[in-house]
Amino acid sequence: MPLSAVEPRRDSPDPKAQFVAYLDYYRAAVERKLDGLTEAELRTSRLPSGWTPLELLIHLVHMERRWFVWGFLGERVDEPWGDHAGGASDGPWRVPDGVTRDELVAALHAGGERTRLVLAEHDLAARGAVGGRFDDDPPTLSWICFHVLQEYARHAGHLDVSRELHDGATGE
């Protein structure tokens, strides 16, 4: 897992290798943005929308699992919308009492390991399974990779803003 703030320089003709490198990069960027925040700071919002850094982290953990495990593989997952209040897909993000940053960071990286296995074992042109997240017309693994990558990039940017408002820290 790259821990550097430097964008991956992998120039590979293998798009799977590119997806793995960039997803690892953004997971590490998210983790770095949380480093140094106290428990209270992790659970406090500095934004009008009201989300906290810990709520964004739990969202990323569930988001990746929803797309690759429940979506692409069609496997049953416990609480697919567990990052949302009441388990409702349109509810606000929430973190159950007692769940810690370290637990969520470990879950984030464990999800990354699972994603690497999915990418190693399937063709990017393969369509997701019907019966998990999708009832019909599931997207390709390639589309899912692009979607998850843009979610990570967008939310890492959200954390940039939150962290800058907190203590002035900027950058990737």
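Predicted model only: the values in this text are computed from it and were never measured. (Residues numbered from 1 in each chain as written. Predicted model: local features only at pLDDT ≥ 70, side-chain atom pairs only at ≥ 80, totals over all residues. Heavy atoms only, no water.)

Turning our eyes to something else, we now look at the packing of aromatic side chains. Under the counting rule described, the total for this entry stands at seven aromatic pairs. Relative to Phe 134, the ring of Trp 67 lies with its centre 6.0 Å away and its plane at 40°, an arrangement referred to as tilted. Here Trp 67, found in helix H3 (residues 53-73), pairs with Phe 134, found in the loop between helix H4 (101-121) and helix H5 (141-167); they are 67 residues apart in sequence, far enough to count as distant. Judged by its relative accessible area of 9%, Trp 67 falls in the buried class. Between Trp 70 and Trp 81 the ring centres are 6.1 Å apart and the planes differ by 85°, which places this aromatic pair in the edge-to-face class. (Phe/Tyr/Trp six-rings, centres within 6.5 Å; stacked < 30°, edge-to-face > 60°. Helix = DSSP H or I, 4+ residues; strand = E, 2+ residues; numbered from the N terminus. Buried < 20%, exposed > 50% of the residue type's maximum accessible area, 1.4 Å probe, protein only.)

Relative to the assigned elements, Asp 83 resides in the loop between H3 and H4. Exposure remark for Asp 83: the relative accessible area of 0% places this residue in the buried category. A distance of 2.9 Å separates polar atoms of two side chains, one belonging to Asp 83 and the other to His 59. Not counting residues within four places of it along the chain, the set of residues in contact with Asp 83 comprises Ile 58, His 59, His 62, Arg 66, Pro 92, Trp 93 and Arg 94. (Polar contact = N/O pair within 3.5 Å; in protein donor to acceptor, adjacent residues only side chain to side chain. Contact = heavy atoms within 4.5 Å.)

What the rule picks out here adds up to 14 salt bridges. The salt bridge partner of Glu 79 is Arg 94, with a shortest N-O separation of 3.9 Å. Here Glu 79 is found in the loop between H3 and H4, whereas its partner Arg 94 is found in the loop between H3 and H4, with 15 residues between them in sequence. Here Arg 101 ties to Asp 102 by a salt bridge, and the two come within 3.1 Å at their closest N and O atoms. Note on Arg 101: relative accessible area 14%, which makes it buried. (Salt bridge = Lys/Arg side-chain N within 4 Å of Asp/Glu carboxyl O.)

Here the focus is the environment of Leu 54. Secondary-structure assignment places Leu 54 in helix H3. For the pair formed by Leu 54 and Arg 94, sequence separation is 40 residues and the distance between their alpha carbons is 8.5 Å. With sequence-adjacent residues up to four places away left out, Leu 54 is seen in contact with Glu 39, Leu 42, Arg 43, Val 95, Val 99, Arg 101 and Leu 104.

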